[in-house]
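The lines below spell out each chain.
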Amino acid sequence: ELSPAVNFALRISFYCLLCVVSSALTAPVCLLVNGGRTVKNMRIIKTVVKTFKYFFGLRFEVKGLENFKVEGPAIIVSNHQSILDMMGLMEVLPDDCVQVGKKELMYTGSVGLIIYLGGVIFINRKSTTSAKMVMAEVAKTMTTENVKVWVYPEGTRNCTGDLLPFKKGAFHLAVQAQVPVIPVVYSSFTTFYNPKKNLFTSGKIKVEVLPPIETKGLTSDDVSDLTDRCFRTMRETLFRLSGHPSEAKESS
Ligand SMILES: CCCCCC/C=C\CCCCCCCCCC(=O)SCCNC(=O)CCNC(=O)[C@H](O)C(C)(C)COP(=O)(O)OP(=O)(O)OC[C@H]1O[C@@H](n2cnc3c(N)ncnc32)[C@H](O)[C@@H]1OP(=O)(O)O
Ligand SMILES: CCCCCCCC/C=C\CCCCCCCC(=O)OC[C@@H](O)COP(=O)(O)O
């Protein structure tokens, strides 16, 4: 019988190894099929990553996928709990959708390469000015290239079962490009995954894609309200999906 700490370390190491090896094998396929850095590679990456859940006994129960079927670009925002989120992301990821990620992810070897090839937009979180410049550029190109952009508005991983306050970048982006915001909520992992308690068992994750929130006609003055509205809706959904009805009542 392995101690919980060893068992946890083994499972996480296996996850990382799976990511590293699969990336190394998938990168040449992406290069051969699509020739370089393009969002089209996400289809290939998605196909590979969707098999990972079986290794860890994870099940996803997805609702509301029809809400992704908006014409043209959109900003998708979701909660971010762990490095395991990448599996949940690929479970629902619509076509032609790139993510915003921290630039440090570029330096993770083959994983960095596959993330680069998939078209992920890298931002420097240590420089607000440069992050804003990148986001403003994205606002322009998402309409011309007809892509959706996936942002984790908490800005960092958070596995507490609640949401961190949202950063406004995603909502500025939506208003600048005049495109809808589509919230996606994953139920809390705390029952099966908790690094502090060395917990990582099999489990079920409920995912809900919420109806798009329109931004047509909104200006930068409305960004704070839009952010709050989205935060409240997502927090209520998180508590509902995770089964903490009392907390959901408190927050409304
Ligand atoms: C084949 C097998 C493969 C296996 C492995 C492969 C794996 C995966 C394949 C692909 C998967 C990729 C997954 C990638 C996931 C990556 C996840 C992450 O890295 S999350 C971390 C990075 N993301 C974010 O941080 C996004 C959220 N953050 C923001 O939106 C922020 O706002 C910001 C980064 C833009 C800026 O942050 P910060 O410097 O902290 O400043 P703020 O406090 O947020 O803002 C300061 C004020 O500026 C205003 N603001 C912000 N943006 C704008 C803007 N665009 N225009 C105008 N003004 C802006 C903001 O409102 C603040 O002003 P205030 O007066 O306070 O309102
Ligand atoms: C040559 C260098 C070799 C380095 C090897 C590193 C191996 C990394 C292996 C596997 C990691 C798989 C993770 C998949 C990507 C998930 C993206 C992610 O979830 O990033 C975290 C980021 O959103 C938030 O960052 P912080 O919570 O602020 O921190």
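Nothing here was measured: the structure is a model prediction, and the numbers come from that model. (Residues numbered from 1 in each chain as written. Chains lettered and ligands numbered in written order. Predicted model: local features only at pLDDT ≥ 70, side-chain atom pairs only at ≥ 80, totals over all residues. Heavy atoms only, no water.)

A. Region of the structure containing the sheet that holds strand β3 (residues 97-102). Here we have 7 strands laid out as an open sheet, ordered β1-β9-β6-β2-β5-β3-β4, and mixed in their pairing. Either end of the sheet is taken by a strand with one partner, and the two such strands are β1 (58-63) and β4 (121-123). In this sheet, neighbouring strand axes are inclined to one another by 25° on average, regardless of whether the strands run parallel or antiparallel. Bridge count between strand β2 (residues 75-78) and strand β5 (residues 148-151): 3 bridges; the pairing is parallel. In the strand pairing of β5, isoleucine 76 is matched with tryptophan 150. Contacts from helix α4 (residues 85-92) reach β1, β3, β5, β6 (181-186) and β9 (203-209) within the one sheet, and its direction differs from that of β1 by about 40°. Seen against the sheet, helix α7 (residues 169-177) touches β2, β5 and β6 and runs at an angle of roughly 160° to β2. (Pairing = 2+ DSSP bridges. Helix = DSSP H or I, 4+ residues; strand = E, 2+ residues; numbered from the N terminus. Axes fitted to C-alpha atoms, helices over the stretch in contact; angles between N-to-C directions. Contact = heavy atoms within 4.5 Å.)

B. How the structure looks around the packing of helix α2 (residues 41-49) against α4. Direction vectors running N to C along α2 and α4 enclose 120°, while the axes themselves pass 9 Å from each other. Between α2 and α4 the crossing geometry is left-handed. Residues Met42, Ile45, Lys46 and Val49 of α2 form the contact with α4, whose participating residues are Met86, Met87 and Met90. Classifying every residue of the contact of α2 with α4 gives 6 nonpolar, no polar and 1 charged. (Left-handed = near helix turned anticlockwise from the far one by under 90°. Nonpolar A, V, L, I, M, F, W, Y, C, P; charged D, E, K, R; others polar.)

C. Quick peek at empty space enclosed by the protein. As enumerated under the stated definition, the model contains 3 cavities of 30 Å³ or more in all. Estimates place the volume of the largest cavity at around 50 Å³. If you go around the largest cavity, the residues you meet are Val39, Met42, Arg43, Lys46, Leu93, Pro94, Asp95, Asp96 and Cys97. Across the lining of the largest cavity, the residue classes break down as 5 nonpolar, no polar and 4 charged. (1 Å grid on protein atoms, 1.4 Å probe; cavity = no way out; pocket = protein on both sides within 12 Å on 5 of 7 lines; lining within 4 Å. Points joined across faces, edges and corners; volume = space filled by probe spheres on them.)

D. Highlighting the UniProt feature "transmembrane region" (unreviewed entry) in the chain. Look at the UniProt record and you will see "transmembrane region" (unreviewed entry) annotated at residues 10-33 and 105-123. Helix makes up 100% of residues 10-33 and strand makes up 0%, while its end C-alpha atoms are separated by 34 Å. Strand forms 16% of residues 105-123 and helix 42%; the C-alpha atoms that close the span are 10 Å apart. (UniProt positions renumbered as here; feature names shortened; annotations may be inferred.)

E. Expanded view of the side chain of threonine 227. Its location among the elements puts threonine 227 in helix α8 (residues 223-242). For threonine 227, the side chain forms a polar contact with the main-chain oxygen of valine 223, separated by 2.7 Å. Beyond its immediate sequence surroundings of up to four residues, threonine 227 is in contact with Phe166, Lys167, Lys168 and Phe171. (Polar contact = N/O pair within 3.5 Å; in protein donor to acceptor, adjacent residues only side chain to side chain.)

F. Fine view of the nonpolar core. In this structure, Ile75, Met87, Val149, Trp150, Phe171 and Tyr193 are the most contacted members of the largest nonpolar core, which totals 78 residues. Here the element with the most residues in this core is helix α1 (residues 4-34); it accounts for 7 residues. Aside from chain neighbours lying at most four places away, what touches tyrosine 193 is Phe8, Ile12, Ser82, Leu84, Cys159, Leu199 and Phe200. (Core = buried A, V, L, I, M, F, W, Y, C linked by side-chain atoms within 4.5 Å. Buried < 20%, exposed > 50% of the residue type's maximum accessible area, 1.4 Å probe, protein only.)

G. Representation of the site of ligand 2. Among the 13 residues in the neighbourhood of ligand 2, the closest are listed as His80, Lys102, Arg125, Thr156 and Arg157. A distance of 2.7 Å separates an oxygen atom of ligand 2 from a polar side-chain atom of histidine 80. In isolation ligand 2 has 770 Å² of accessible area, and contact with the protein removes 68% of it. Top element by residues in the shell around ligand 2 is α1. It accounts for 3 residues. Residues belonging to the shell around ligand 2 are distributed by class as follows: 6 nonpolar, 4 polar and 3 charged. (Near = heavy atom within 4 Å. Areas by Shrake-Rupley, 256 points an atom, 1.4 Å probe, with all protein chains shown as cover.)

H. Highlighting the site of ligand 1. Among the 35 residues in the neighbourhood of ligand 1, the closest are listed as Thr128, Lys132, Lys167, Lys168 and His172. Lysine 168 is positioned with one of its side-chain polar atoms (N or O) 2.5 Å from an oxygen atom of ligand 1. Glutamine 176 has a polar side-chain atom sitting 3.2 Å from a nitrogen atom of ligand 1. Contact with the protein chains hides 81% of the accessible area of ligand 1, taken as 1,400 Å² for the molecule alone. Where the shell around ligand 1 is concerned, the elements lending two or more residues are α1, α2, α4, β3, α5 (110-117), α6 (128-145) and α7. Of the residues assigned to the shell around ligand 1, the class counts are 19 nonpolar, 11 polar and 5 charged.

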